[in-house]
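Overview (structure and organization)
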Amino acid sequence: MTTDVSDAWKSWHEHRVEAVSAPYGPLALTGTHWLEDYPDGRLPDIPGIWVAEADGVVLTAVETNGLTVDGQPLDGEVHLTADQGPADGARIAYGERRLVVLVREGVWGVRDFDPASAARRAFLGIDATPYDPRWSVPGRFTPYAERRTVRVENADGRERGFGLGGELSFTLDGQERTLRVAVEGDGSLWAVFADADSGNGSYRFRFLRPAAPDAEGRTTVDFNRALLPPCAFADHFICPFPPPGNTLDVAVEAGERKLL
């Protein structure tokens with residue numbers, strides 16, 4: 001059984017390496033531009049005029065700018081809403097680059113994904129600790145009576161709201177511990193956490209994504225699958241830092257640790 005779980009972890013790790021190093025994976029992000037910082041609508045090294053409105057972004061360009069929308073040359077004006085899904089499906093392209101429209105707390109921005117990024121070329125892999133069963137433990141999710149929002153600093157230095165749906169309790173190293181978690185649309189959980197080794201042996205914080213709890217709140221807390229956040233791969237991501245209470249007092253020597 002342990003061998004099967006270990007093999008599954010190896011497959012998971014290999015898939016992660018492939019995903020982050022894909023042409024439009026996180027290593028390809030070369031910029032995140034908030035339109036409020038560019039009142040003239042001109043973004044660095046990106047053609048066209050980008051103007052934020054209440055419900056989206058208006059992009060104006062001429063055909064010679066080289067932008068395409070849904071695969072067709074853009075010559076005129078197009079109204080854009082936030083892109084959903086992976087970067088390679090973004091509506092706007094500039095050659096091989098993909099320009100992803102996003103919005104955070106009413107602020108519109110554009111992300112620039114370039115398969116030729118320096119980070120993607122320099123990538124050597126992810127330092128991850130081999131599977132160890134002691135880091136996979138039973139957990140119990142207790143939802144809050146109503147969703148809570150806390151303000152946390154993000155990797156870009158700005159403070160934003162972080163929605164929390166409940167608490168995930170588990171026993172690690174003989175002590176009961178708790179993480180405050182968000183609940184995703186499919187019912188799975190998302191924890192942003194740090195530990196006693198963060199910033200030393202591993203990245204300054206990591207993500208954990210336990211499966212959706214069953215009807216009694218039971219799930220598995222598997223730190224073997226602790227993830228490096230996107231901002232570990234590119235400085236232009238705006239990952240939230242751990243909310244208050246999510247720094248564990250034990251060194252979690254498991255999962256993804258840092259870039260090689």
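The notes below deal with the structure included here.

Reading the values: the criteria
Residues numbered from 1 in each chain as written. Predicted model: local features only at pLDDT ≥ 70, side-chain atom pairs only at ≥ 80, totals over all residues. Heavy atoms only, no water. Helix = DSSP H or I, 4+ residues; strand = E, 2+ residues; numbered from the N terminus. Rg over C-alpha atoms; globule rule 2.2 N^0.38 Å. Contact = heavy atoms within 4.5 Å. Areas by Shrake-Rupley, 256 points an atom, 1.4 Å probe, with all protein chains shown as cover. Lys, Arg positive; Asp, Glu negative; His and termini not counted. Charge placed at Lys NZ, Arg CZ, Asp CG, Glu CD. Phe/Tyr/Trp six-rings, centres within 6.5 Å; stacked < 30°, edge-to-face > 60°. Lys NZ or Arg CZ within 6 Å of the ring centre and 35° of its normal. Buried < 20%, exposed > 50% of the residue type's maximum accessible area, 1.4 Å probe, protein only. Polar contact = N/O pair within 3.5 Å; in protein donor to acceptor, adjacent residues only side chain to side chain. Pairing = 2+ DSSP bridges. Axes fitted to C-alpha atoms, helices over the stretch in contact; angles between N-to-C directions. Core = buried A, V, L, I, M, F, W, Y, C linked by side-chain atoms within 4.5 Å.

1. Here we look at the overall build of the chain
Looking only at helices and strands, one finds 2 helices and 17 strands in the chain. Taking 260 residues into account, the globule formula puts the C-alpha radius of gyration at 18 Å, and the chain, at 20 Å, falls close to it. Along the longest, intermediate and shortest principal axes, the C-alpha atoms of the chain span 65 × 40 × 35 Å. The long-range share in the chain, meaning contacts at least 24 apart out of those at least 6 apart in sequence, stands at 59%. When the accessible surface of the chain is split by element, carbon and sulfur atoms take 48% of a total near 12800 Å². Once the 26 positive and 40 negative side-chain charges of the chain are each reduced to a mean point, those two points are 3 Å apart.

2. Section: the packing of aromatic side chains
How two aromatic rings sit relative to each other is given by the distance of their centres and the angle of their planes. One pass over the full model with this rule turns up 8 aromatic pairs. Clustering of aromatic rings is evident, with ring pairs tying together Phe162, Trp190, Tyr203, Phe205, Phe207 and Phe241. Cation over ring: Arg148 sits above Tyr144, and NZ or CZ is 3.6 Å from the ring centre.

3. Points about the side chain of Ser198
Its place among the elements puts Ser198 in the loop between β14 (189-193) and β15 (206-208). Judged by relative accessible area, which is 16%, Ser198 ranks as buried. Polar contacts involving the side chain of Ser198 include one to the main-chain amide nitrogen of Asp195, which spans 2.8 Å. If we skip the residues at most four places from it in the chain, Ser198 touches Tyr203 and Arg204.

4. Regarding the sheet that holds strand β3 (residues 56-61)
Strand order in the open sheet formed by 3 strands is β2-β3-β6, with antiparallel pairing between adjacent strands. Sheet topology places β2 (49-53) and β6 (76-80) at the edges, where each strand pairs with a single neighbour. Direction aside, neighbouring strands of the sheet carry axes that sit 20° apart on average. In this sheet, β3 lies alongside β2 in antiparallel orientation, the contact comprising 5 bridges. Across the sheet, residue Val51 finds its bridge partner in β3, namely Val58.

5. So, the sheet that holds strand β16 (residues 218-222)
Pairing within the open sheet is antiparallel, and its 6 strands lie in the order β15-β14-β13-β12-β11-β16. At either margin of the open sheet sits one strand with a lone partner, and together these are β15 and β16. Ignoring strand direction, the axes of neighbouring strands in this sheet form an average angle of 45°. In the sheet, strand β13 (residues 175-183) pairs with β14 via 2 bridges, with the strands oriented antiparallel.

6. Digging into the environment of Leu35
Tracing the backbone shows Leu35 in the loop between β1 (29-34) and β2. Considering only alpha carbons, one finds Leu35 and Ala116, 81 residues apart in sequence, at a separation of 24 Å. Excluding its chain neighbours within four sequence positions, the residues that come into contact with Leu35 are Leu43, Trp50, Val51, Ala52, Val57, Trp108, Gly109 and Val110.

7. Brief notes about the nonpolar core
In terms of nonpolar packing, the biggest core is built from 36 residues, with Phe113, Phe162, Phe205, Phe207, Phe233 and Phe237 touching the most fellow members. With residues up to four places along the chain from it excluded, the contact list for Phe237 reads Pro26, Leu29, Arg111, Phe113, Ala155, Pro230 and Cys231. Among the nonpolar cores identified, the runner-up in size contains 19 residues, and Leu168, Leu179, Val250 and Val252 belong to it.

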